[in-house]
Amino acid sequence: GAEPRQKMATSNDVVRYKFFGSCGILAEISNDGATAQRRKPQTEFNNAVLIGNEPLVDGVLFQVRIDKKVTSWTGSILIGVTTTAPERFKFPTTLSALVEGCWILSGTSVLKDGKQSIIEYTPINIETLDEGNLVGVMRRGVALHFYVNGQDLGVAEKKLPAAGKVYPIIDLYGRCAKVTIPQPSQATANSSMTSSLEQLCFHSRAGTNVEVKDNGMRAQRKAASGEFNNAIVMSNRSLKDNELFEIQLKGMVERWAGSVEIGLTTHSPTTITFPSSLTNLASGAWLVSGSSVVHNRDVVQENIGTSLDQLQVGDYVGIMRNSNSTMTLYVNGREVGVACTDIPPAVYGIVDLYGRCVEVAMVNRTQNNRNEEVLGTRGIAGGMSRSGNQKAASNYSTTYNETGSVQGRSGNQEGRSGNQEAVQVSESIRTDAVRTGNPQAKSENQRSGNPDGTRATLGPSLKFHSWCGVNVELSADMGVAKRRQHDKLLAGAAVFTHQPLLQGVWFEVVVSKRAEFWNGSLRMGVCGTPPETVTFLPTTEVIHIDQSWVLCGHVLYHHGNPLVPNYPLDLDDICEGSTVGIMVTSDGELHYALNGRDLGCAGRGIPTGVYGMVDIYGQCVQVVIAQQHIVGDLTIGPSVVGDHVTFIPTTQMAPNIPIRGPIHPKCGTNIELAMDGSMASRVRSYKDGVVFSAHPLAMGEMFKIEIIKLADNWKGFLRIGLTSCAPDSFSLIPSLSTLLPKHTWIVNGSTVTENGTILTETYGAALCRLQIRDTVGIQLQSDFTMHVFLNGEDLGIATTITAISQRLFAVVDVYGPIAAVKVIEAQKSTYIAHQAPPKSLEVGQPAVKDDEEVTFATTHSENIRLENGGRCAFRFKSYSRGLVVTSVPIPNGQLFQVEVMEVKPTWSGTLSIGVTTLPSAQVISVSKAQLLPGQSFVVAATGEKSTTFYIGGQETDHLPADINLLNLKVGDTVGLLRHISGALHFFLNGVDMVKLPCTVPEGVYGVVDLYGQCVKVSLKPWHDEVSPGVKPSLQGPFTVQAAPFAVQATPFIPQATPFTTQAAPISLPAPADRRPLSLPGPTALPKVLGVPWELPLEICNYQNTCNKLVCESLLLPEAFFATKGERSQCLCKDCCSRGAVVSPVRYAGDPKMKYTLPFGWVEYKLELPPRSKSLGAEGQWYVAYHGTAVGNVRSILDCGGLLLPGDRRLRGDEVKRPDGHYTEDYKPPNFDVNRIFMTPSAKYCGLGEVYTKPCRHTISGKEYSAKVMFQVLIEPGTFQISAQTVDPKNANIDEHFDNSELEWSTKSHVSIILHHMYVKLERQATQ
């Protein structure tokens, strides 16, 4: 049944693809090879594979239209390519069964040879495509692209075989029963592919009260005078990007209110359940109703600038989904503006013939000879201009450029609407910025960067090259570049200019969108390699591209090597709205500019013909090539080549705006200032209302505002805080998020954030209920604490601000219901609340004399009454809301202790006790002490036999079983003592019971929660129970054993060869993405899942040597390691013997499962991914270890997780199964060994050379054997437990585990999170 092969088509031929004669046993081909269907689609779901008759031609699209779907099955169409010729192709039951020479799009994933190569290739699931949709495939050189409805989904494969070797294949699987190849199918990469789509019209399926006529070109409401709704119509197919869905009003009645409504929806006309009116569509709908924008029944914008209710017969209204995922409204040819953002692809046009509107007609505009009744031009937003009888003259037509924007053209160069002349819109909606760098040049259009002052000749406007990173989305005019799925994808979004840069001409981009949850940001430079020769992978590092000079952070890299370590521009700190530029001068110097300021020479010897290069990395999500504009002369910064520059100069914008009042004139786009700069009013929308203080605040100076106007139709809270961002450093201040990457502290209602990270959510709840005439003030006090004042009352410490060199401005966001504010005070205040203890006190000296009685603060919970001069607290009702706080901080070395005076057995639960840095007003805002946020440390009973320790509201550890607060009776005492070292000890009846796992700051207040059975307590005087500097005795499992755990058999430090003293702090050359990791000397160390560690006063030699391995040998970037707390702690024998923990057994997960601590290793805390917090991984997932070779460490950290055998690392090599692990002679029956293996036993993980392969390293002239393993968090229910495989004859590998439970394995990447890295060194004998 094989057909004779036809001559192969080339890209210059008109290609007529069709299906090859042979096909799957249930497939049936008709219509001269253009149509195929599956026989018995209701009873059979597979065996309907098809293959094209010709190989794919470069730049020519092969696509099919889905003609029929059934509902009997799951799954649907699959499409792809194969290297097997049709004559030799063996048809499988389904395409997913092919395992060689094939690339298949299935759902949202790409399969290569039967395995997933891209898990989330596209947000469009092709299995959900309805009848009438198009799906296709195209090769571009050696790259493979898939398409849906003409939209390019991106690169699916980058290394296809040579031309003429790849054939399209289709699987009519599951619900897909019939397809047709539209003819002709000539669609190059540069064409719009509109010709291959059906003509846009109304779908025949519509609301119950509407009739579709004239082959789908008109729609009319049936009972126009008797019923005003149930008349929704939709487009017959999904809209292409930048395609206008436009209608003309043909009939109206005056009986009803309201009129036509129009929008976009993800629903298909074949499956939608039509509501009575369009505003009742509850999902997947974005529409304009009247003057409002509605999304899924919710009004998201109240005034778009015009009202559809005012339209008359003959008016036009249209909607468009743009390539940047925005929805734009057009009225009578005018672009009214962007109505919505984040519109998904493959949406349908939808119209409601509502109220007065009874008939509409579809408008299909062609490229030539349009004759429409349109007034005005694109870019004039809002309103509908009409002359006399409200009809426009007929001698005016409109055209649409390839981006879908409207161009006005007048037939006789004169419009007929009133006396207005027709305005011809430019064919380009944006002009690229071209500026040159010589400050002596005075041309308005350019400035020369040549030393002799001559002007550079400007070439065509720059745009981005179509060959770009795999995660890049480009706008139709190649002027906007965006990283797709920026919430999931960090990198893979490099773009180039479409042509080399001209010498002396600036290439600038504006950072138009950021995402704050990543590290790193924009990277920018030049490259001598043509873009089309660069191989882009998802993790391609632009600094490693040949012939490249790239600024990453503040380090300039050349060929991947640091060239200039401290350039006076840090791209990681740029804000949204900032403009960054690069220029190569005629003498080969590379310059960077920020917001119009030339920051000087970054490098020399740059050749001619280099391309501009931008990496949309990390926090940077979208960039726009800057528009051409007239700017002042560039201020030339210092040359840094060969010099050490450590400062970052302040950016200079245009000439400074004069400051006349307490509010800085540079403010949000929706703010209007009045009363000489003392009043700020938001004039539109609910956001973009940021204002700054006119000058930085001095210490103790208060910036106070009064609420003078409210807008009840909005939700949200006033936002107020401090920032180091100078208002003049911004070219545009769109929203408060612009400030977050900088040093910015904000109080938003009851939430306090630092640089966008939430510190507490229970501060100052009264700020959520502001009314007119309320006053709010912000103040930085002398102890570097930020305070907020409400109506003159100090709400307490919002946060402590770290010492920074910049001065701080007050910042206020006039947001949501707050419509206008007035500054009533901007001067120093003599009142300083919650002042720190006097500096004259020595560390550890009590602030209160020993014989002086301490009292509870008068601010307490509502159910508390103080007695005996404030020394007793009595809960007089209920069982909760019984929080009290000491009136002064607890001195170092003094015992904070209360005596139980009364109990009531009718309640459950009992007293909780703790210490906190929070003021009393904030403490009593929570219901229970264990919920206290921030620097709060609380001991509380949590079960019949359990007493738990909480830090910052999070459960941290369980106290020994013999400590049970539920057994407290009248006369018992409970107390806490803070040592001079910061250690916190728990006392019961005067006995030091346990050292708690934390390090407590100075100046904490005592907290008691009279909960449940505990009704009354008495505060005991300060008691110097343990002298400062004397280590208390410890009880329970934290006690040091007589025989501490030894490190492994080979001693690390031979007695005859002592280590030298500690070296200077270690730092490595700046890595590719962040600043160097620095691991200097001793500090308090963080907890490991609730287990504390304290180092001796000096770092041990073993840890110091391991630090050298990490910093100097492995060169691991700082971004991999935790940003909070210390990164390194030592678990060697000497350090553990001086600590408080000996038992290695710990528990984690829900329900609890044990794991052991790796004594003899040095721990490095890794930065957790953002998803770990939302998943609760640290508290609810289990803990295990995964061993690896030292050489794999960087690859694992780069990937952000562990890979399965057979997966490919970022560097391209394949992950292999370790030698000596499972063999054919030793493995469970039918067990798949291609898994990720872990163990809860640190000892088992470090055993032998299978998991942790040793590697020899020379450190400080000495030979060591190094091992590395990772501690991981693994999700419950995603792994399998089995017996050991390493050394299977060993009777007892780890005394804490049975051999049958030593190995955990999983095939799920996403169920594992890297938590810590451990390093172990053993000295090697000299050969």
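Residues numbered from 1 in each chain as written. Predicted model: local features only at pLDDT ≥ 70, side-chain atom pairs only at ≥ 80, totals over all residues. Heavy atoms only, no water.

Observations concerning the overall build of the protein
Here comes step 1: From N to C terminus, the protein includes seven helices and 81 strands.
Here comes step 2: Burial status across the protein gives 56% buried among its 1327 residues.
Here comes step 3: Relative to all contacts within the protein whose residues are 6 or more apart in sequence, the contacts with residues 24 or more apart total 70%.
Here comes step 4: In the structure as shown, the protein presents an accessible area of about 54700 Å², 49% of it carried by carbon and sulfur atoms. (Helix = DSSP H or I, 4+ residues; strand = E, 2+ residues; numbered from the N terminus. Buried < 20%, exposed > 50% of the residue type's maximum accessible area, 1.4 Å probe, protein only. Contact = heavy atoms within 4.5 Å. Areas by Shrake-Rupley, 256 points an atom, 1.4 Å probe, with all protein chains shown as cover.)

Notes on the side chain of Ser912
Here comes step 1: Assignment of secondary structure puts Ser912 in strand S60 (residues 912-916).
Here comes step 2: The class of Ser912 is buried, set by a relative accessible area of 3%.
Here comes step 3: Residue contacts for Ser912: discarding those within four places in its chain leaves Ala929, Gln930, Val938, Val939, Ala940, Val1007, Val1008 and Asp1009.

A word on the sheet that holds strand S76 (residues 1236-1238)
Here comes step 1: Across the sheet, three strands lie side by side as S76-S80-S79; this open sheet has antiparallel pairing. Edge positions in the open sheet fall to S76 and strand S79 (1280-1282), since each of these has one partner strand only. Mean inter-strand twist for the sheet, computed between neighbouring axes without regard to direction, equals 30°.
Here comes step 2: Two strands pair when backbone bridges link them, and S76 and strand S80 (residues 1303-1306) are joined in this way by three bridges, in the antiparallel orientation. Following the sheet pairing, Phe1237 is matched in S80 by Ser1305. (Pairing = 2+ DSSP bridges. Axes fitted to C-alpha atoms, helices over the stretch in contact; angles between N-to-C directions.)

Structural notes on the confidence of the model for the protein
Here comes step 1: Put simply, the protein has an average pLDDT of 75, and 74% of its residues get 70 or more.
Here comes step 2: Confidence drops under a pLDDT of 50 for residues 1-13, and excluding neighbours within four residues, the segment shows 29 contacts in the predicted structure.
Here comes step 3: Scored below 50 in pLDDT, residues 827-851 makes 44 contacts in the model with residues more than four places away or belonging to other chains. (pLDDT = per-residue confidence, 0-100.)

Brief notes about the environment of His787
Here comes step 1: Topologically, His787 is positioned in strand S52 (residues 785-790).
Here comes step 2: By relative accessible area, which is 0% here, His787 ends up buried.
Here comes step 3: Counting along the chain gives 10 residues from His787 to Ile797, while the straight-line C-alpha distance between them is 5.0 Å.
Here comes step 4: At 2.9 Å, the side chain of His787 and the side chain of Thr785 are in polar contact. (Polar contact = N/O pair within 3.5 Å; in protein donor to acceptor, adjacent residues only side chain to side chain.)

Let's talk about unusual backbone geometry
Here comes step 1: A cis geometry characterises the amide bond from Asp1150 onward to Pro1151, with omega recorded as 0°.
Here comes step 2: We note that Asp113 has phi near 55°; this positive angle belongs to a residue other than glycine.
Here comes step 3: Its location among the elements puts Asp113 in the loop between strand S7 (109-112) and strand S8 (115-118).
Here comes step 4: With a relative accessible area of 29%, Asp113 lands in the partly exposed category.
Here comes step 5: Located in the positive-phi region is Asn242, a residue other than glycine, with phi close to 65°.
Here comes step 6: Secondary-structure assignment places Asn242 in the loop between strand S16 (232-234) and strand S17 (243-252).

So, the sheet that holds strand S12 (residues 167-171)
Here comes step 1: With antiparallel pairing, the six strands of this open sheet are ordered in space as S3-S12-S5-S6-S7-S8. Strands with a single pairing partner mark the edges of an open sheet, and in this sheet they are strand S3 (49-51) and S8. Taken pair by pair, the neighbouring strands of this sheet meet at an average axis angle of 25°, ignoring direction.
Here comes step 2: As defined by bridge partners, strand S6 (residues 102-106) adjoins S7 across four bridges and the pair is classed as antiparallel. Its bridge partner lying in S7, Leu105 is registered against Val110.

Remarks on the environment of Val70
Here comes step 1: Note that Val70 resides in the loop between strand S4 (62-69) and strand S5 (78-82).
Here comes step 2: Each C-alpha atom of the pair Val70 and Gln42 lies 7.1 Å from the other, and the pair is 28 residues apart in sequence.

Things to note about the pairing of S4
Here comes step 1: Note that S4 and strand S9 (residues 134-140) share four bridges and pair antiparallel. Looking at S9, one finds that Gln63 is bridged to Gly136.
Here comes step 2: As paired strands, S4 and strand S13 (residues 176-180) are joined by four bridges and run antiparallel to one another. Opposite Arg65, over in S13, you have Thr180 as the bridge partner.

Some thoughts on the nonpolar core
Here comes step 1: Phe1270 and Met1317 are the most contacted members of the largest nonpolar core, which totals 39 residues.
Here comes step 2: Sorting the residues of this core by element identifies helix H2 (1101-1113), strand S74 (1162-1165), strand S75 (1182-1188), helix H6 (1193-1199), S76, strand S78 (1262-1274) and strand S81 (1312-1323) as the ones contributing at least two each.
Here comes step 3: It is S78 that contributes the most residues to this core, six residues altogether.
Here comes step 4: Those residues in contact with Phe1270 that lie beyond four places of it in its chain are Leu1166, Ala1184, Tyr1185, His1186, Thr1188, Val1193, Ile1196, Leu1197, Leu1314, His1316 and Met1317. (Core = buried A, V, L, I, M, F, W, Y, C linked by side-chain atoms within 4.5 Å.)

Here's the deal with the pattern of salt bridges
Here comes step 1: Tallied over the full model, the rule gives 20 salt bridges.
Here comes step 2: For Asp152, the salt bridge identified is with Arg140, shortest N-O distance 3.0 Å. Of this pair, Asp152 sits in strand S11 (residues 151-157) while Arg140 sits in strand S9, and the two are 12 residues apart along the sequence.
Here comes step 3: Among the ionic pairs, Arg321 bridges to Asp241, the shortest N-O distance being 2.5 Å. Placement of the pair is Arg321 in strand S22 (residues 316-321) and Asp241 in the loop between S16 and S17, with a sequence separation of 80 residues. Neither Arg321 nor Asp241 differs from the other in exposure class; each is buried.
Here comes step 4: Sharing partners across several salt bridges, the network here consists of Asp214, Arg218 and Glu359. (Salt bridge = Lys/Arg side-chain N within 4 Å of Asp/Glu carboxyl O.)

Focus: H2
Here comes step 1: Taking 1.5 Å of rise per residue, the 13 residues of H2 would be expected to cover 18 Å, and the 17 Å separating its terminal C-alpha atoms lies within 8% of that figure.
Here comes step 2: Buried residues dominate H2, accounting for 10 of its 13 residues.
Here comes step 3: Those residues of H2 that sit buried are Tyr1102, Gln1103, Asn1104, Thr1105, Cys1106, Asn1107, Lys1108, Leu1109, Val1110 and Cys1111.
Here comes step 4: Directly beyond the C-terminal end of H2, a positive phi value near 50° is found at Leu1115. (Expected span 1.5 Å × (residues − 1).)

What about the packing of aromatic side chains?
Here comes step 1: Per the counting criterion, the structure on display carries 15 aromatic pairs.
Here comes step 2: Between Tyr1182 and Phe1279, the ring centres sit 6.0 Å apart and the planes meet at 85°, which makes this aromatic pair edge-to-face. Here Tyr1182, found in strand S75, pairs with Phe1279, found in the loop between S78 and S79; they are 97 residues apart in sequence, far enough to count as distant. Side by side, Tyr1182 and Phe1279 carry an identical accessibility label, which is buried.
Here comes step 3: Aromatic rings pair up to connect Phe45, Trp73 and Tyr173 into one cluster.
Here comes step 4: Sitting over the face of the ring of Tyr617, Arg523 holds its NZ or CZ atom 3.6 Å from the ring centroid. (Phe/Tyr/Trp six-rings, centres within 6.5 Å; stacked < 30°, edge-to-face > 60°. Lys NZ or Arg CZ within 6 Å of the ring centre and 35° of its normal.)

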